[in-house]
Amino acid sequence: MLYLKEFKELYDIGIDLDEYMKSGDNAIRESMIDKCKNIYINGRRTRAIEAVSKKVHMLIFADMNCPDCAVVLPIIEKMRSLNQNIAYKIVKMIDYKDKMNDIFGEAKVPTIVIMDEQFRMIGLYIEFTKNLRNLQRTMDKDMFKKVVARFRTGEFDKYVVDDILTCISISI
């Protein structure tokens, strides 16, 4: 398992969303910018985000050309904008693929390590919401591709928020 010191070191060298978006394909960058402007989190979830009273750090392994990152990162940015106790940094997955395999048993993006104020892992989000990952195990590939297409349109954004909030022990 990745040690506390390593989480902190990776977090410290991570970049913010603006810097991250400079490194990618124009179409995905524009999609992310548009999503950041138009993302909606309902009142109940917004209140839960605003109620986070202790610092939470997220270390996000991402790839600029990943459509799933283009869905999830704007959600994390919106959560951060609603509560300064929520902070994140992004590292490029390509630089840490082997380490991710060693730590998590897979290298999928986005992978979000959710940590407390001391950088102890309190939760993990890998690629999709927990519900989608469960469906992935039980659904045939063609049907799951259709579900992923719906995920990429933002249809399941609220579940991304729910999974992150669950990891930081906020009851919604």
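For the structure itself, look to the data block above.
Residues numbered from 1 in each chain as written. Predicted model: local features only at pLDDT ≥ 70, side-chain atom pairs only at ≥ 80, totals over all residues. Heavy atoms only, no water.

**Quick word on the pattern of salt bridges**
According to the stated counting rule, one finds 13 salt bridges in the structure shown. The closest approach of N and O atoms between D68 and R152, which form a salt bridge, is 2.7 Å. Placement of the pair is D68 in helix α5 (residues 67–82) and R152 in helix α8 (residues 141–152), with a sequence separation of 84 residues. Taking relative accessible area as the criterion, D68 reaches 2% and is therefore assigned buried. In the salt-bridge network here, residues are joined through shared partners; they are E106, K108, E127 and R133. (Salt bridge = Lys/Arg side-chain N within 4 Å of Asp/Glu carboxyl O. Helix = DSSP H or I, 4+ residues; strand = E, 2+ residues; numbered from the N terminus. Buried < 20%, exposed > 50% of the residue type's maximum accessible area, 1.4 Å probe, protein only.)

**A word on α8**
A rise of 1.5 Å per residue sets the reference length of α8, with its 12 residues, at 16 Å; its end C-alpha atoms lie 16 Å apart and thus fit the reference within 8%. Looking at the packing, one finds that the buried side of α8 touches α5, β4 (121–126), α7 (130–138) and α9 (157–167). A positive phi of about 95° marks G154, the residue just after α8. (Expected span 1.5 Å × (residues − 1). Contact = heavy atoms within 4.5 Å.)

**Examining the packing of helix α3 (residues 26–38) against α5**
Each pair of packed helices can be described by the angle between their axes along with the distance between the axes. Taken N-terminus to C-terminus, the directions of α3 and α5 make an angle of 35°; their axes are 9 Å apart at the nearest point. Where α3 crosses over α5, the two elements pack in a sense that is right-handed. Of the residues in α5, those in contact with I28, M32, K35 and C36 of α3 are C69, A70, V71, L73, P74 and I75. Among the residues forming the contact of α3 with α5, the class breakdown is nine nonpolar, no polar and one charged. (Axes fitted to C-alpha atoms, helices over the stretch in contact; angles between N-to-C directions. Left-handed = near helix turned anticlockwise from the far one by under 90°. Nonpolar A, V, L, I, M, F, W, Y, C, P; charged D, E, K, R; others polar.)

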